[in-house]
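This is what each chain is made of:
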Amino acid sequence: KNKLAGDLPVLELPVDFPRSSRVSSSGDSLVIEIGNELVEEIRKVAQANGVTLFMFGLAAFKMLMRHYSGQEELIVGTPIGNRGKPELESMLDNVFCSEWFVRTFTSKVEIYLNLEQQNGQWVSVIEYNSDLFSAASITRLSRHWKKLLEEICMNPEQTVSELARGSEPEGK
């Protein structure tokens, strides 16, 4: 209750186009597939660390948002039903659906990640405000997220700062 008291940090991602005071509903989306092999590696690392796939994916996405924004503190919204219990994951295999969103702007979401597990792979959709972000920037961000997932699996003992160096935002 008290953790959200006072001024809350606003995620300030670098944008391609200037923000407007006008609320925009312009948007686009990008589909990303994370293959079975990487999802299996993620599952192994997650299980070894006592976290769910959801928690693993969310942590990686938050790391990426932190790196892109340069901010230490982030607020990320997410549904919480059926989360946090690794023993329920096998029951949720084909129902795994996580909605993560970062920074709302006058009731509009600037960037939103939806992640579903389908047939052992992750199918992700990044929805974004196209008045702020170019398709090229979102494609680059999605490549960095996937690379970050791979790096975490290859060396889960790396620190957050070591992992972030491998996912440098291009053209910032």
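Since we're looking at a predicted model, the values are computed, not measured.

(A) Looking closely at the packing of helix H1 (residues 36–48) against helix H3 (residues 135–154). The N-to-C vectors of H1 and H3 enclose an angle of 50 degrees; their axes lie 9 Å apart at closest approach. As the angle between them shows, H1 and H3 are arranged oblique. In this structure, H1 meets H3 at a crossing whose hand is left-handed. Judged by residue contacts, Leu38, Glu41, Ile42 and Val45 of H1 engage Lys146, Leu149, Glu150 and Cys153 from H3. Grouping the constituent residues of the contact of H1 with H3 by class yields 5 nonpolar, no polar and 3 charged.

(B) Representation of the nonpolar core in the model. Formed by 34 residues in total, the largest nonpolar core has its most connected members in Trp122, Trp145 and Leu149. Those elements that place two or more of their residues in this core are strand S1 (27–34), H1, helix H2 (53–69), strand S4 (108–118), strand S5 (121–129) and H3. A total of 8 residues in this core trace back to one element, the largest contributor, which is H2.

(C) How the structure looks around the side chain of Ser134. By secondary structure assignment, the location of Ser134 is in the loop between S5 and H3. Given the relative accessible area of 19%, Ser134 is considered buried. Of the polar contacts made by the side chain of Ser134, one reaches the backbone nitrogen of Ser137; its length is 3.1 Å. Once you skip the residues sitting within four places of it in the chain, Ser134 turns out to touch Asp16, Phe17 and Tyr128.

Analysis parameters
- Residues numbered from 1 in each chain as written.
- Predicted model: local features only at pLDDT ≥ 70, side-chain atom pairs only at ≥ 80, totals over all residues.
- Heavy atoms only, no water.
- Axes fitted to C-alpha atoms, helices over the stretch in contact; angles between N-to-C directions.
- Helix = DSSP H or I, 4+ residues; strand = E, 2+ residues; numbered from the N terminus.
- Parallel < 35°, antiparallel > 145°, perpendicular 65-115°, else oblique.
- Left-handed = near helix turned anticlockwise from the far one by under 90°.
- Contact = heavy atoms within 4.5 Å.
- Nonpolar A, V, L, I, M, F, W, Y, C, P; charged D, E, K, R; others polar.
- Core = buried A, V, L, I, M, F, W, Y, C linked by side-chain atoms within 4.5 Å.
- Buried < 20%, exposed > 50% of the residue type's maximum accessible area, 1.4 Å probe, protein only.
- Polar contact = N/O pair within 3.5 Å; in protein donor to acceptor, adjacent residues only side chain to side chain.

What is shown is where atoms sit, not what they do.
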